Amino acid sequence: MDLKRVYLFREGNATMKDLLGGKGANLAEMSNIGLPVPPGFTITTEVCNEYYANGGKMPAGLMDSVREAVKDVEKLMSRTLGGSTKPLLVSVRSGAKFSMPGMMDTVLNLGLNPTTVKAMVDETGNKRFVYDSYRRLIMMLSDVAFGLSKHEFDDKIFKEYKQKVGAESDLDLDADQMEEISQLFLKHVREKTGREFPTDPFEQMEVGIEAVFKSWNNDRAIVYRRQERIPDEIGTAVNIQAMVFGNAGDDCGTGVAFTRDPSTGEKAIYGEYLMNAQGEDVVAGVRTPVPISALQKQNPQVFDAFMDTANKLEKHYRDMQDLEFTIEHDKLFMLQCRSGKRTGPAAVKIAVDMVEEGLIKKEEALQRVTGSHLDQLLHKRIDPAALDKAKPLAKGIPASPGAAVGQVVFDADVAAEAKAGTLQGDVVIGKKVILVRDETNPDDVHGMLASQAVLTARGGKTSHAAVVARGFGIPCVAGAEALNVEVHEEKFTVGGTVVRQGDVITIDGASGAIYLGELQLIEPEVSGAFGTLMSWADDYRTMKVRANADNPRDARQAIEFGAEGIGLCRTEHMFFEEDRLPLVQELILTKDESVRQQMLDKLQVVQQQDFEGIFEAMDGKPVTVRLIDPPLHEFLPSFEELVRETTEIKTRIHMGQKGLEKDLETKMKMLGEVESMKEQNPMLGLRGVRLSIILPGLVIMQTRAILQGAAAVAKKGMKVFPEIMIPLVSTVNELRVVQNALEAEAKKIVKEQGVDIPYMFGTMIELPRAALTAGEIAQYAQFFSFGTNDLTQTTFGYSRDDAEGKFLQQYVEQKILPRNPFETIDVPGVGRLMKIAVEEGRAAREGLKCGICGEHGGDPESIDFCQSINLDYVSCSPFRVPIARLAAAQAALRTKVKVAVDK
Ligand code: PEP
Ligand code: MG
């Protein structure tokens, strides 16, 4: 059977977006519901794929189908393509399934040649309009099809001509001058290409169609698709439509409008138009358009017709519409409609309003808002007006959302001092700071906490800087590789620009952009509609949402955002605080058992206080506390830093400086210790449960601190549900040894305290071996929590701290991987391990509670996967809790639909 390559508008409808593209399907739908749409037809997306499969050749027979369809349009318009009277002109426009605004090509006014130009001048008596249209055709078609840049026509020939004749705007040019410009354009084509501009309308059409196919693979379209995750294989359709003219006189015009305000969601028409102009003038900023409200005064009839149509379309599609229209001699024509792009605040307001207006159901409202929409509501952002004018200094990886302004500092202590107000010098006390580092490490945490934002030259979305910043809700741009950070010089350079300590920068953690100077920020708006939407999400979701929180402040924040428990409390973060680090260091370094015990006792007091604060904040909600996990050297000064410092002291002694011997001795001792603990692969080394086996005192102390803290809170009459979690287990024997010891301790404490504490012991599944032997592990573990950061690292064998900056980006660009597996769960690999672990774990222990606490717990696509393997909860940073609540509801709704379909 012959492939149907061409669909007349009346043969299509809105459901045919795969085949006709979004624009084609909606033009068909609008025609079918009786709206004024100029007639036309669509060449399907399959033809685009055929074109590429053919090695970039137009499929044989395509133009025959086009000729057939043109006949239909000619009949409906009572015009003829290329006719010497009443000629038909058409537009050729791209239109993929998903809108890719401005990324592909468009050609207007096809069909103009010396014969039709004359016929149109005779018919309209408006020579200026005809030549204006002609020069646009020459420019557009030459640009897209013959590789002659539009700018050569527009910025050179046209502009120079206007200057020569003293015209300020296009409207100052008369008919003869427009004719002369058309001739200059034709001459330019002749000179540059060595051929005449095509006069045969079908030839014009054919090159126009081919140019649209080609534009599917132009650089900007490829980049846009990657950004928006639009598949490359779907191809674009081509829409060919009879022209109506917005530039045929003062009773003509063209405009674009949204049926609701796309930035606030307010229910009011929003848009602009220009009289006596053609489509691209409005978007290209050639002339300044006027707000659509002005049309009401200028032409009330057309305005009413437009409002009628806009309302009709919004009701028909039950969504906010983005419309393009043209007015030709006081008659309205619709050229496009599609669901309008909107900001986060607008998406939430429109979704909630439309439920209240009875246009959509709650289920649908929940599916119309995305995680990135909510993200915008939860953080400060750069004022769009300021953003329009600003040019980024550099770009990094958007690692933790929110925007921030601050003075640059390069040292965590300086950041902390700036906040405390004890600093002198470049950084003005009381001013806000942004910590800039090559990369951060646990020593920097206090400085990160004191900063408005963190900027690093290395690392990706799961780097230390990114994870910690997200946990604290601090904006972070990571891996800005263009930055040359010279910490000791207190400066960084980008290209020729030098930014020194004390200089002000603005960073945007949502886009990864870095700006020099201060940009205006806007506060997050948590409006009423936002709360309403969240309560609907809670009604539909079946998975619980917890937060990763390490201190009472974050726990409270998590509760405010609707968390139902803590899924991960990384206890080591408590060790990094200033008053504790020396105790931990002493604990690690001493060889004297009694000193070690003293340190443990001191630490137990402060840890217990922390836990009490967290349990109180969570008020009866479960709290998963993870026992110490990182390699111990992370608590000690860095080896490289110590080498540098000792060399410096030695040099000073060598140069005769006195009184430094003691200092050198201490530093050398530390250097020796740090060196002895150095590992080639610390992430695969002495950490997690392995530490608990080698150094049992530490986790015994932590267990006491947790359970005594829980007992203290229980005695105040509150409920507590501590879940003690043992990390990085790879074999059940590790768990058996550690859990047995800790359970014995736990029983003792409960007895000592005389209160009933419903505690549990469980483990993280973050190594492939643990996942594959989950049945054995579940003999001991009462719950599983998937640590997908480590599980991804060890399944792929990619370093979570380095991979992103080094090769992962290219892997995604070259489609070696569909996406960054540290952001979205790799379903066939990591996901499969998770599924096995859940199934085998629950087979061994009925009702085994399973959750996720890696970064993926806040990623909507990963949350969808978690629903599919029946996890009980997801856990993410407090600031992502609302996003996770929405994503869990969406996942539940999708599963519901799937179950319904399967039945
Ligand atoms: C993980 O590995 O996913 C996890 C949550 O633990 P961490 O990030 O602290 O290693
Ligand atoms: Mg881990």
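Here the structure is shown first, and the text comes after it.
J.: Run through the sheet that holds strand S9 (residues 270-275), naming residues and quoting values.
T.: If you walk across this open sheet you meet the five strands as S10-S9-S8-S11-S12, and the pairing is antiparallel. Taken across any chain shown, the strands that pair with only one partner, and hence form the sheet edges, are strand S10 (290-291) and strand S12 (331-339).

J.: Any chance you could break down the packing of helix H13 (residues 344-356) against helix H15 (residues 371-378) for me, citing the residues and the numbers?
T.: For any two helices packed against each other, one specifies the crossing angle of their axes together with the interaxial distance. It is the contact of H13 with H15, at a shortest axis distance of 7 Å, that shows an interaxial angle of 110°. With respect to H15, the element H13 is oriented roughly perpendicular. For the element pair H13 and H15, the recorded crossing hand is left-handed. Across the interface between the two elements, Gly 344, Pro 345, Ala 347 and Val 348 from H13 touch His 373, Leu 374, Gln 376 and Leu 377 from H15. For the contact of H13 with H15, the per-class residue count stands at five nonpolar, three polar and no charged.

J.: Quick rundown of the packing of helix H5 (residues 127-145) against helix H7 (residues 175-193)? Include the residues and the values.
T.: H7 packs onto H5 with a crossing angle of 20° between their chain directions and a minimal axis gap of 8 Å. Classified by the interaxial angle, the pair formed by H5 and H7 is roughly parallel. The crossing of H5 and H7 is left-handed. Two secondary-structure elements touch here, H5 through Lys 127, Arg 128, Tyr 131, Asp 132, Tyr 134, Arg 135, Ile 138, Met 139 and Ser 142 and H7 through Ala 175, Asp 176, Met 178, Glu 179, Ile 181, Ser 182, Phe 185, Leu 186 and Val 189. Classifying every residue of the contact of H5 with H7 gives ten nonpolar, two polar and six charged.

J.: Describe the coordination of the magnesium ion (ligand 2), listing the residues and the values that go with them.
T.: Within the protein, Glu 766 (OE) and Asp 790 (OD) serve as the donor atoms for the magnesium ion (ligand 2), at 2.0 to 2.2 Å. Taken as a pair, Glu 766 in the loop between strand S30 (760-765) and helix H30 (768-772) and Asp 790 in helix H32 (residues 788-796) lie far apart in primary sequence, 24 residues in all. The residues Glu 766 and Asp 790 share a single accessibility class, namely buried.

J.: Break down the sheet that holds strand S19 (residues 476-478) for me, citing the residues and quoting the values.
T.: In spatial order, the strands read S14-S24-S23-S16-S17-S18-S19-S15; together these eight strands make up an open sheet with mixed pairing. A strand with exactly one partner marks an edge of an open sheet, and here the two such strands are strand S14 (394-395) and strand S15 (397-400).

J.: Report on the environment of Ser 594, specifying residues and quantitative values.
T.: In this structure, Ser 594 sits in helix H24 (residues 593-618). A residue is classified by how much of its surface remains accessible, and Ser 594, at 43% relative accessible area, is partly exposed. Between the C-alpha atom of Ser 594 and that of Gly 787, which follows or precedes it by 193 residues, the distance is 35 Å.

J.: Tell me what's going on with a negative patch on the surface, and back it up with residues and numbers.
T.: A contiguous patch of negative charge on the surface is contributed by Asp 411, Asp 413, Glu 417, Glu 489, Glu 490 and Glu 578. Tracing the backbone through its elements, the reader meets Glu 578 in the loop between helix H22 (572-575) and helix H23 (581-589). Glu 578 gets classed as exposed once you look at its relative accessible area, which sits at 63%.

J.: Mind laying out a nonpolar patch on the surface, listing which residues take part and the relevant values?
T.: Taken together, the side chains of Leu 686, Ile 693, Ile 694 and Val 737 make up a nonpolar region of the molecular surface, amounting to roughly 320 Å² of accessible area. Structurally, Ile 694 can be placed in helix H27 (residues 689-694).

What counts, and at which threshold
- Residues numbered from 1 in each chain as written.
- Chains lettered and ligands numbered in written order.
- Predicted model: local features only at pLDDT ≥ 70, side-chain atom pairs only at ≥ 80, totals over all residues.
- Heavy atoms only, no water.
- Pairing = 2+ DSSP bridges.
- Helix = DSSP H or I, 4+ residues; strand = E, 2+ residues; numbered from the N terminus.
- Axes fitted to C-alpha atoms, helices over the stretch in contact; angles between N-to-C directions.
- Parallel < 35°, antiparallel > 145°, perpendicular 65-115°, else oblique.
- Left-handed = near helix turned anticlockwise from the far one by under 90°.
- Contact = heavy atoms within 4.5 Å.
- Nonpolar A, V, L, I, M, F, W, Y, C, P; charged D, E, K, R; others polar.
- Donors = N, O, S within 2.8 Å, 3.2 Å for Na, K, Ca; no water.
- Buried < 20%, exposed > 50% of the residue type's maximum accessible area, 1.4 Å probe, protein only.
- Patch = residues over 30% accessible without salt bridge, like charges linked within 9 Å, V, L, I, M, F, W, Y side chains within 5 Å.
- Areas by Shrake-Rupley, 256 points an atom, 1.4 Å probe, with all protein chains shown as cover.
- Salt bridge = Lys/Arg side-chain N within 4 Å of Asp/Glu carboxyl O.
- Lys, Arg positive; Asp, Glu negative; His and termini not counted.
- Charge placed at Lys NZ, Arg CZ, Asp CG, Glu CD.

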